[in-house]
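# A structural walkthrough
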Amino acid sequence: MTQPRKTLIDLNQTSYYHCIARCVRRAFLCGEDAFSGKNYEHRKGWVIERLSLLADTFAIDVASYAVMSNHYHLVLRVDIEKAEQWSETNVIRRWKRLYKIPFIVNRYLKGNASPALTQMAQELITKWRQRLTDISWFMRCLNEYLARKANLEDQCTGRFWEGRFKSQALLDEAAVVTAMAYVDLNPIRANLASTPEDSDYTSVKQRVKNMNKDSSSCNVKLMKLTQSNNTTHRHGFNVTEADYLELVDYSGRAIRCEKRGYIPSNLPPILERLNLEPDGFLELMQRDDNIAGLRAVGSPSALTHLLDNLDQRFIKGVGISNRLYSS
């Protein structure tokens, strides 16, 4: 049964969410359509370009992304504290990147607005500040832009996306890292790449390029990974870039092995620190179904706490959680 978005995205529970949007009517977001022979590979650039703009505009950090042929994945972190520190001028400047600024706000900026117009302008700015921390608005600004551009190129009208985007709450540090790795390994799972650094249009490839000081292409502003107790973000966690890349590389190699669930000898210590079971972790990485179908990912205790807050008795994903986390 479809759930209201306000129950799916609750910042009191977590600031991290895994989002996915999928095309409809056999539409191809990018890649080659074997049926028509058309190649839509250039549309990947549209996604990255727009995502780069939104990541620099919203108070929402992109932790990981992967652009596939007819869908894409994002792991996002909402940063309300950051938006609260913005000045009114900063909010207006950011909103202006996306939409036209109304007359009353321009009058307010010039300082010659009446008290009534001033109040209306301030209310609008407050609303914009809230929207710039809203995942639904982030996804709307991404999907609407892509749909309009694709429909114009295809010379057609109508829906481009399957429906509203799917969102999945990531309740703890281990769930966030697991979802990030799952997203970055999508091309390897789909047999489109053999290594993470060869996985085009993924955040893991961008992280590798950034570490090598390669800025030859358009980059999305990614959430920083660090191992420091003095992290500047209240919802940050202690995972270094090197740790994360090692985890993704390990997972990618294990996925390619013939024997399902095979555990290489070079097990990354990050799994132990995150209290994750290697067998359960690899099982989740290798799943053929889409884990975004789960409402939330987290430890059994985190899921229990979520159920208590939602006043529900069951949530899909408890079995996976029990196998994923060490007891």
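Structure shown above.
Reading the values: rules and limits
Residues numbered from 1 in each chain as written. Predicted model: local features only at pLDDT ≥ 70, side-chain atom pairs only at ≥ 80, totals over all residues. Heavy atoms only, no water. Core = buried A, V, L, I, M, F, W, Y, C linked by side-chain atoms within 4.5 Å. Buried < 20%, exposed > 50% of the residue type's maximum accessible area, 1.4 Å probe, protein only. Helix = DSSP H or I, 4+ residues; strand = E, 2+ residues; numbered from the N terminus. Expected span 1.5 Å × (residues − 1). Arc of directions from axis to C-beta. Pairing = 2+ DSSP bridges. Contact = heavy atoms within 4.5 Å. Axes fitted to C-alpha atoms, helices over the stretch in contact; angles between N-to-C directions.

### Some words on the nonpolar core
In this structure, Phe58, Val62, Leu74, Ile135 and Phe138 are the most contacted members of the largest nonpolar core, which totals 58 residues. Formed by 42 residues, the second largest nonpolar core is a distinct cluster that contains Ala63, Val176, Ile255 and Tyr325.

### Structural notes on helix α6 (residues 115–131)
Counting along an α-helix, one turn takes 3.6 residues, and residues three or four places apart therefore face a common direction. Between its first and last C-alpha atoms α6 spans 24 Å; for 17 residues at 1.5 Å apiece the expected length is 24 Å, and the two agree. Listed in full, the buried residues belonging to α6 are Leu117, Ala121, Ile125, Trp128 and Arg129. Along the axis of α6, the buried positions cluster into a sector of 115 degrees, meaning they face one direction only. For α6, the exposed residues set more than 90 degrees away from the buried face come down to Pro115 and Gln130.

### Focus on the sheet that holds strand β4 (residues 166–170)
Spatial ordering of the open sheet is given by β2-β3-β1-β4-β5, a layout of five strands whose pairing is mixed. With one partner strand each, in any of the chains shown, β2 (60–67) and β5 (296–297) form the two edges of the open sheet. The sheet contact formed by β4 and β5 spans two bridges and is parallel. Bridge pairing in β5 places Ala169 opposite Ala296. Its contacts with the sheet place helix α7 (residues 135–154) against β1 (16–22), β2 and β3 (71–78), and it is angled at close to 150 degrees to β3. Packing of helix α8 (residues 173–184) onto the sheet brings it into contact with β1, β2, β3, β4 and β5, and relative to β2 it is tilted by some 35 degrees.

### What about the environment of Arg129?
Within the secondary structure, Arg129 is located in helix α6. For the pair Arg129 and Val91, spaced 38 residues apart in sequence, the C-alpha separation works out to 6.2 Å. Residues contacting Arg129, with those up to four places away along its chain left out, are Ala83, Glu84, Trp86, Ser87, Glu88 and Val91.

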